[in-house]
Amino acid sequence: MKSKFLKATIALTIALSATSFAAEDNFALKGNIQTQATANNEDDGLKSFWFRANVGGMYKSESFDAQVMLRIFGPHFGNTIDGKSYDKILADLYWANYKYSLGDHKVNLKLGHWKTDWSQSTNFGTYIDKAIGTRGFMMRDYSHDAFELGWNYGPSAFKAMLGTTDNKFSTGYVRVEERVKFCFPLELAAAYRVNALDAMTKAATQTHRVAGYLSYSFIQNLRLYGEIAYLKTTTDSDVNAASVKAGTAVKPEYAQGSEHLPFYVGVEIPTAGILDHLMFEMEHIGNRDEINADADDFAWTVAFVKSYGRTKAQLNVYSEKELDDVGVALRFTTTIK
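Residues numbered from 1 in each chain as written. Predicted model: local features only at pLDDT ≥ 70, side-chain atom pairs only at ≥ 80, totals over all residues. Heavy atoms only, no water.

### As for the nonpolar core
- Core analysis: the biggest nonpolar cluster contains 19 residues, and Trp118, Tyr127, Ile132, Tyr213 and Tyr264 have the highest contact counts within it.
- Beyond its immediate stretch of four places on either side in the chain, Tyr213 contacts Trp118, Gln120, Arg179, Glu187, Leu188, Ala189, Arg223, Tyr225, Gly226, Glu227 and Tyr264. (Core = buried A, V, L, I, M, F, W, Y, C linked by side-chain atoms within 4.5 Å. Buried < 20%, exposed > 50% of the residue type's maximum accessible area, 1.4 Å probe, protein only. Contact = heavy atoms within 4.5 Å.)

In structure tokens:
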């Protein structure tokens, strides 16, 4: 009886909360349904296929923004409880952003869990955050549990972030980013990140990441863009396989003393309205096989994007480990709110 009463109370509380939020003019429900399939020339069938839903809400005002989004997968994604399969629900985004105006200066404090993604057709880029060995369609976004201080003035947007990679705030990083959008069609961005928090309680090496991004549009849908980064990992004799296994040291992001210089360049080509976007990109990572076994240093992708009504389709044709190892991925996103 108590259990039923508790469940009813919780349900009523959620309903009343949802009603109160919905009554706010600045609150909007958000949601979409996505399906994605990937294939390559080595598999008899599809390499992967799934449906998922994203649902949540966003609040916006002059002084405060916030968003909560849940991601829901089907039972076959492995959410098993007491031998029964259930839908797998993940908290994908949840953040609050306090905004302040100081004359022409805009300052904000953001906290929670969100993503950053510098990439365009989503196969390459975002080297400032994502492990450069990670490859594939729609795999360049990176989730942050962080506090961020922002400062906007004119075309400049500066952000300083303190992020963590565990639930004790004992490992993590400092990340700073500057993005400039000019009145003419040029956009520049630069960022620096170092896993400074890793050495707070354990022995750890530092991986310094510096990245830059540029995009220039000649006319609508005729654009050149690209990104380059430099990654340098320090050395520490106290960080070895035994100490990492024993938990007295943090596993290095990359081999100690290693350096990497990943970059990609891309071009967007107009299609006279046939497509929303048509993009071609080429990436290079020297000695890529050291971080991604048997992979070529070069990689490529072509992206086709088209929207119709509430649905957006994106088709990517791309190289996997080798240049002639062709993969294909197709994603449909249908917005319901």
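### Description of the pairing of strand S9 (residues 156-164)
- When strand S8 (residues 142-153) meets S9, the two strands line up antiparallel, connected through nine bridges. Bridged to Trp151 within S9 is Phe158.
- Bridge count for S9 against strand S10 (residues 172-181) is nine bridges, and the pairing is antiparallel. Within S10, the residue paired with Gly163 across the bridge is Tyr173. (Pairing = 2+ DSSP bridges. Helix = DSSP H or I, 4+ residues; strand = E, 2+ residues; numbered from the N terminus.)

### Re the pattern of salt bridges
- Evaluation of the coordinates by the stated rule reveals 14 salt bridges.
- With a shortest N-O distance of 3.1 Å, Lys99 and Asp65 are connected by a salt bridge. Of this pair, Lys99 sits in strand S6 (residues 88-102) while Asp65 sits in strand S3 (residues 64-73); the two residues are 34 residues apart in sequence, bridging distant segments of the chain.
- We note a salt bridge from Glu187 to Arg179, for which the minimum N-O separation is 2.6 Å.
- Classification of Arg179 by relative accessible area gives buried; the value is 19%. (Salt bridge = Lys/Arg side-chain N within 4 Å of Asp/Glu carboxyl O.)

### Overview of unusual backbone geometry
- Despite not being glycine, Thr126 shows a phi value in the positive range, around 55°.
- Taking the relative accessible area as the measure of exposure, Thr126 reaches 0% and is therefore buried.
- The backbone phi angle of Met138 is positive, close to 60°, even though this residue is not glycine.
- One can find Met138 in the loop between strand S7 (105-116) and S8.
- A residue is classified by how much of its surface remains accessible, and Met138, at 24% relative accessible area, is partly exposed.

### A short note on the side chain of Gln206
- With respect to the secondary-structure elements, Gln206 resides in the loop between strand S11 (186-194) and strand S12 (207-219).
- We classify Gln206 as buried; its relative accessible area is 17%.
- Setting aside residues up to four positions removed in sequence, Gln206 forms contacts with Val194, Asn195, Ala196, Ala199, Lys232, Thr233 and Thr234.

### Side note on the side chain of Asp129
- In this structure, Asp129 sits in the loop between S7 and S8.
- By relative accessible area, Asp129 is classed as buried at 1%.
- A distance of 2.8 Å separates a polar atom in the side chain of Asp129 from a polar atom in the side chain of Arg193.
- Asp129 has contacts with Thr116, Tyr142, His144, Arg175, Arg193 and Arg209, leaving out every residue within four places of it along the chain. (Polar contact = N/O pair within 3.5 Å; in protein donor to acceptor, adjacent residues only side chain to side chain.)

### Overview of a nonpolar patch on the surface
- Among the surface-exposed residues, Phe182, Phe184, Leu188, Leu214, Tyr216, Phe218, Ile219 and Leu224 lie close enough to one another that they form a single nonpolar patch of about 710 Å² accessible area.
- In terms of residues, the nonpolar patch owes the most to one element, S12, which gives four residues. (Patch = residues over 30% accessible without salt bridge, like charges linked within 9 Å, V, L, I, M, F, W, Y side chains within 5 Å. Areas by Shrake-Rupley, 256 points an atom, 1.4 Å probe, with all protein chains shown as cover.)

### What about the packing of aromatic side chains?
- Scanning the model with the defined rule gives twelve aromatic pairs in all.
- With a centroid separation of 4.9 Å and an interplanar angle of 50°, the aromatic rings of Phe64 and Tyr98 are classed as tilted. Note that Phe64 is positioned in strand S3 and Tyr98 in strand S6, a separation of 34 residues in sequence.
- For Tyr98, a relative accessible area of 37% puts it in the partly exposed group.
- Taking the centre distance of 6.2 Å and the plane angle of 70° together, the rings of Tyr225 and Tyr264 count as edge-to-face. One end of the pair, Tyr225, is in strand S13 (residues 222-233); the other, Tyr264, is in strand S15 (residues 263-268), and 39 residues separate them in sequence. Grouping residues by exposure puts Tyr225 and Tyr264 together as buried.
- Here the aromatic residues Phe124, Tyr127, Tyr225 and Tyr264 are joined through ring pairs into a cluster of three or more. (Phe/Tyr/Trp six-rings, centres within 6.5 Å; stacked < 30°, edge-to-face > 60°.)

### Observations concerning the environment of Met200
- Its location among the elements puts Met200 in the loop between S11 and S12.
- In sequence terms Met200 and Ser170 are 30 residues apart; their C-alpha atoms lie 6.5 Å from each other.
- Contacts of Met200, omitting those with residues within four sequence positions, involve Phe169 and Ser170.

### Notes on the pairing of S3
- As judged from the nine bridges shared by strand S2 (residues 48-60) and S3, these two strands associate in the antiparallel manner. The residue of S3 that forms the bridge with Lys60 is Asp65.
- Pairing geometry for S3 and S6, over ten bridges, is antiparallel. Bridge pairing in S6 places Phe73 opposite Lys88.

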